[in-house]
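Per-entry structural report
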Amino acid sequence: MSLTIAQPRTAHTDAARDRSVAGLRTTASAPTDLGHVTPIGTRRTPVAQPVRPVADRTAVPTSPVVAPQRNRALPEGTEARGFALYVGLDEAAAAAAGTTLAAVVEQLKALTAQLVPSAETYAAVAVAAEGSGGRDVDVVRLALQDRSAVAARKQAEKPEPEETGVVIDISRKRVVLDGETAPLTFKEFELLQFLVLREGRTVDRSAIIEGLWSAGDDETPNERTIDVHVRRLRAKLGAFEEIVRTVRGVGYRFDRHADVSVRYASTPSPDLF
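First things first, this report covers the structure right here in the doc. (Residues numbered from 1 in each chain as written. Predicted model: local features only at pLDDT ≥ 70, side-chain atom pairs only at ≥ 80, totals over all residues. Heavy atoms only, no water.)

1. Points about the overall build of the protein
Put simply, the test is: Elements are defined by DSSP. Helices are runs of H or I of four residues or more, strands are runs of E of two residues or more, and each kind is numbered from the N terminus. Note on classification: 1.4 Å probe, protein chains only; a residue is buried when its accessible area is under 20% of the maximum for its type, exposed when over 50%, partly exposed between these limits. Residue-level accessible areas treat just the shown protein chains as cover; the underlying method is Shrake-Rupley with a 1.4 Å probe.
For the protein, the count of helices and strands is 8 helices and 7 strands. Counting the 273 residues in the protein, one finds 18% classified as buried. Here the protein has roughly 22400 Å² of accessible surface; of this, 54% comes from carbon and sulfur atoms.

2. Topic: the packing of helix 6 (residues 186-196) against helix 7 (residues 205-212)
Filter applied, for reference: The angle between two axes is taken between their N-to-C directions and runs from 0 to 180 degrees, where each axis is a line fitted to C-alpha atoms and a helix contributes only its stretch in contact. Roughly parallel here means an angle under 35 degrees, roughly antiparallel means over 145, roughly perpendicular means 65 to 115, and every remaining angle is called oblique. Helix crossings get a hand from a simple test, with the near helix turned counterclockwise from the far one by less than a right angle marking a left-handed crossing and a clockwise turn marking a right-handed one. Note on contacts: a residue pair qualifies if any of its non-hydrogen atoms lie within 4.5 Å across the two residues. As a working rule, the residues Ala, Val, Leu, Ile, Met, Phe, Trp, Tyr, Cys and Pro are called nonpolar, Asp, Glu, Lys and Arg charged, and the rest polar, with Gly in that last group.
With their axes 11 Å apart at the nearest point, helix 6 and helix 7 run at an angle of 120° to one another. Relative to helix 7, the element helix 6 is oriented oblique. Read as a crossing pair, helix 6 and helix 7 show a hand that is right-handed. Here Lys187, Glu190, Leu191, Phe194 and Leu195 of helix 6 lie close against helix 7, whose contacting residues are Ala207, Ile208, Gly211 and Leu212. A class-by-class count of the residues in the contact of helix 6 with helix 7 yields 6 nonpolar, 1 polar and 2 charged.

3. Remarks on the side chain of Asp146
Short version of the rule: Residues adjacent in sequence count toward polar contacts only when both atoms are side-chain atoms; beyond that, a polar contact is any pair of N or O atoms within 3.5 Å, and within protein one must be able to donate a hydrogen and the other to accept it.
Within the fold, Asp146 resides in the loop between helix 4 (136-143) and helix 5 (147-157). A distance of 2.8 Å separates a polar atom in the side chain of Asp146 from a polar atom in the side chain of Arg141.

4. A look at the sheet that holds strand 6 (residues 251-254)
For clarity, the threshold we go by: Each pair of strands is called paired provided DSSP finds at least two bridges between the two strands.
Within the open sheet, the 3 strands sit side by side as 4-6-5. Their pairing is antiparallel. The open sheet has two edge strands with one neighbour each: strand 4 (203-204) and strand 5 (244-247). Note: strand 4 against strand 6, 2 bridges, orientation antiparallel. Bridging across to strand 6, Asp204 finds its partner in Gly251. Strands strand 4, strand 5 and strand 6 of the sheet are contacted by helix 6, whose axis makes an angle of about 75° with strand 6.

Just distances and angles here, no functional claims.
This is the structure in structure tokens:
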């Protein structure tokens, strides 16, 4: 069991209690000093303003995206799947420019990957014999079997069609008989050309001497010598000797017929009648 002993109430005890209660009241009624406090106002949410684009002067202008047009060079039913870029460049030229073929190839491949990351590339080096003539790019195209370059080379190497009859080529100073070059001397060809350029006109022997030999020549022929030159010329013309006609008592004339063709250098003749 517990024993509680009650203390006797005295005047001193009541006075002390009254002072404690008064102190509590005084403390509760005094304002609390919180220092300087800034009142909080109502915050306004800023309204988002439209952002004005700033022109980038260093940016590269881009063209509007348009639908690709069909290459007119492509046959119907086909499509372009890539391209081949032929570069005419040898190691010496690359070294002179401070680079190499391998470096140029890598740069081109890197540029393709930058423009179209999904694109696949394949590089092939053109190998040609040392000292191959022609432009570098043409040599490269032929070495890589470009169809148009190969076709052009075959056309250039195609032999001329076999010609029949007589071809008097003034530009090349030759006479072709049924595809074979006649073995004419320089003076024999000059004699034939002299008559050809005066086609249809009878030329007397003195005119031939005056036209083909100058006064300063060591040997100036006479009319009988002209007959010898004509006879040798006809012998080398063979079956076509009749193109040089003899006009008795006058001289000679070039007589063209269906099997004879003449190729002039630029103009037929300065004194063609």
